[in-house]
Each structure stands twice: as C-alpha cells, then as structure tokens.
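Survey of secondary and tertiary structure
Take a look at the letters that make up each chain.
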Amino acid sequence: MNPVNKDVLAVLTAIVTVASIFSTAYILLPTKSNHYVAIGLLNQDCLIGNYPDQVYNGDNITYCIYVDNELDHAALFQIRYKISYERRYLPSESEPSPLPAKGVWDVLLDKGRNITMRLTVPVELDQINGTSERAALIFELWQLDPNTGGWVYTGRSVYIYITVKESPLR
Amino acid sequence: MRYLASVAAILALSVAAIGLISIASPPEGIEGQSVWDKWLYAYRLVIELSRSGINVSEHLELLNQSLHYIEIGDYDKASRILDQVIPELENDYIALGSYAFQENVRKYSIVAALLSLPPLFYYLFPRAYLEVWYRLKRNWIVVSRDEPGQ
C-alpha cells in the first residue's frame, strides 16, 4: 500500500529534478564570462555632475577618477593625463591619444575591486588664441602587461572639455 | 541626492581601503631595474594566484608598499618587502595544483550530490511518507462494522 498518489509523486520528482539540474548548471557554468575594466570621471567632491567649466591657464584643477577592475585577476593600472586642443588627438577605443602624458598615477587593484582617486592636475596650455581656448582634459586607463613589463592601453578613457582662460596675472 | 551621497560615501571608503600610488615609469639604474624586475616577478605570481581564486589581498598590500618605495627611490625597503612576499607567493604557487584538485573534488562532490537528489527523492519520499503516515495513525484501532455489539 502506498498513500502517495502516483501522479503527485511524478510532479514532485519533476520539480526536484528541475531544481537539481538548475543548481548543477549554476555551479558548473562560469559565473562571469565578460571581464572588463572601467574608468569614470567625477567632480572634485567625487560626485557626478557640476564639473568646473572654466579655469585660468596654469591653474590646477581637481577631479575624482574612478577605476574598476572586473577582470578575473588583480592588475596594476595606470592613469595617464593629457591635454588636447584638437578633436583628432582624442583617444578612441583602439588607440590612445598620441599626446605626451602630463601626469601619471598607478594603482594596484584586486579583482572585483574599485577605487576613486582625487587627482589634482595642472591645466597649462602653451598658447591661447584670443582670451580663451577650449581644451579636452583626457584621462586614459593603461594596464601593466605582466609578460612584457610594458604598459598596454585598455581602450578605456574619459575626457572633459573645459574653457581655459588667459590668466589675468600674466 | 541621497543616491549621490551614498555613492560618494562608498567611493570615499574605497579610497581609504586601497590607497593611491603615484609612479611614473620603471625606475632607472641597475639597482632600480633589478628591484623592478623582482616586482614584476611578484606581480606575475600574484596574477596567477588571483586568477586561480586564491585570496591575494594581503600580498597586494605588500606589493603596493614596495611599489611606493620604488617610486620614491628607496630600493632597499622595496627589496626587503619583496624578499618577504616572493617566497610566500612561490609557496602558494606551488600549492596551487593541490588547491585546484581540492576545489575540483569539492565542486564535483556537490554536483554529484545534487544530481543524485531526484532518484533518491523518487525512491525515499514514498517510503518516508508511508512511515510518517503509519506513525500518525498507529493509535488507531481497526474495528469491524459487522461485529456484534458495536
């Protein structure tokens, strides 16, 4: 004699089977298939928005830079700061800006960790046409290649346009 | 605003937790280059360990410190830290094989247990249910309706 109805047992077994298969798949399948790194630009209070829109030539300006390491391993990153007058010198996803770096910061990040760094950068243009000039402040994210010991551009960068005015003291 | 404030708080905590280094490029000079090579070796080990799922946060902290000393040109201190951290990393790297084996055993044991659940359920559940059913009704008395006097 069995008090459990055959159909009820079949349904319950089916539920257990499905749950078991899903749990197994969850364990066996890789949890994260897309690894990436990210860089973000925040204002001097480390918040989004309210970015300064003008600065005197030669003054310093403070930003917060956010770096996120979602690779499958720890990595040493480098932030390179550049200033560009021209659009053609902006970095793309494949090529960094050809301009020389005006500042460099390194940070070693564990996998899955992020950091926000408050960076003070000089805004210094060689010459200003008229009373002011539009310039892009560029922050590129580079990564140290452990095999070659050289820096590799990650394809990630941020830039912000700012009006650089002739300093009244000059 | 509240969201922005919480983002700012999280970001500030991240800064406090990790710290910031400012270094330009690999150091110059024979001593500097030798320490940098040593640092790179430790970096490679850390990456391998990190990729294999080993917790390397303490090692990263030491590597951060040594990087800071390299940046300020204090190669002795940088080298001393690296001499401390590299043997630990090497030991962990050697143990990586057995760690991977243990991890695989653990993982596939769980998988085997999970996959054996449906047949076990099918076999054991009716029996367990029956056992409980019997226990709940063991005080019942079977009485024939036809028995005289009932």
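Above this text sits the structure in question.
Residues numbered from 1 in each chain as written. Chains lettered and ligands numbered in written order. Predicted model: local features only at pLDDT ≥ 70, side-chain atom pairs only at ≥ 80, totals over all residues.

1. Some details on the interface of chain B and chain A
Stated formally: Placing a C-beta atom from the backbone of each residue, one calls two residues in contact when those atoms lie within 7 Å. To qualify as a helix, a DSSP run of H or I must reach at least 4 residues; to qualify as a strand, a run of E must reach at least 2; elements of each kind are numbered from the N terminus. Residue type decides the class: Asp, Glu, Lys and Arg count as charged, Ala, Val, Leu, Ile, Met, Phe, Trp, Tyr, Cys and Pro as nonpolar, and the leftover types, Gly among them, as polar.
Across the contact, 39 residues belong to chain B and 38 residues belong to chain A. Elements represented by at least two residues in the side of chain B that touches chain A include exactly helix H1 (2-18), helix H2 (30-51), helix H3 (57-71), helix H5 (96-115) and helix H6 (117-136) of chain B. With nine residues, the top contributor of residues to the side of chain B that touches chain A is H6 of chain B. Here the residues of the side of chain B that touches chain A are counted per class, giving 31 nonpolar, five polar and three charged.

2. Some details on the sheet that holds strand S8 (residues 151-165) of chain A
Residue and element names in this part refer to chain A. Rules: The pairing criterion is simple: DSSP has to find at least two bridges between the two strands. The axes are straight lines fitted to the C-alpha atoms, using for helices just the contacting stretch, and the angles between their N-to-C directions are given from 0 to 180°.
One open sheet holds the five strands; their spatial order is S2-S8-S7-S4-S5, and the pairing between them is mixed. The open sheet has two free edges, formed respectively by strand S2 (54-56) and strand S5 (103-109), since each of these has just one partner strand. The average undirected angle you get between the axes of adjacent strands in this sheet is 35°.

3. Re the pairing of strand S3 (residues 60-70) of chain A
All names here are of chain A. The pairing of strand S1 (residues 36-42) with S3 spans seven bridges and is antiparallel. Note on S3: the bridge partner recorded for Val37 is Asn69. Judged from the nine bridges that link them, S3 and strand S6 (residues 114-122) form a sheet pairing that is antiparallel. Counterpart to Val67 in the pairing with S6 is Ile115.

4. Things to note about the sheet that holds S6 of chain A
All names here are of chain A. Here we have three strands laid out as an open sheet, ordered S1-S3-S6, and antiparallel in their pairing. Looking at strand neighbours, the two that pair on one side only are S1 and S6, the edges of this open sheet. Averaged over neighbouring strand pairs, the angle between their axes works out to 25° when direction is ignored.

Any functional reading would require information beyond the geometric quantities listed.
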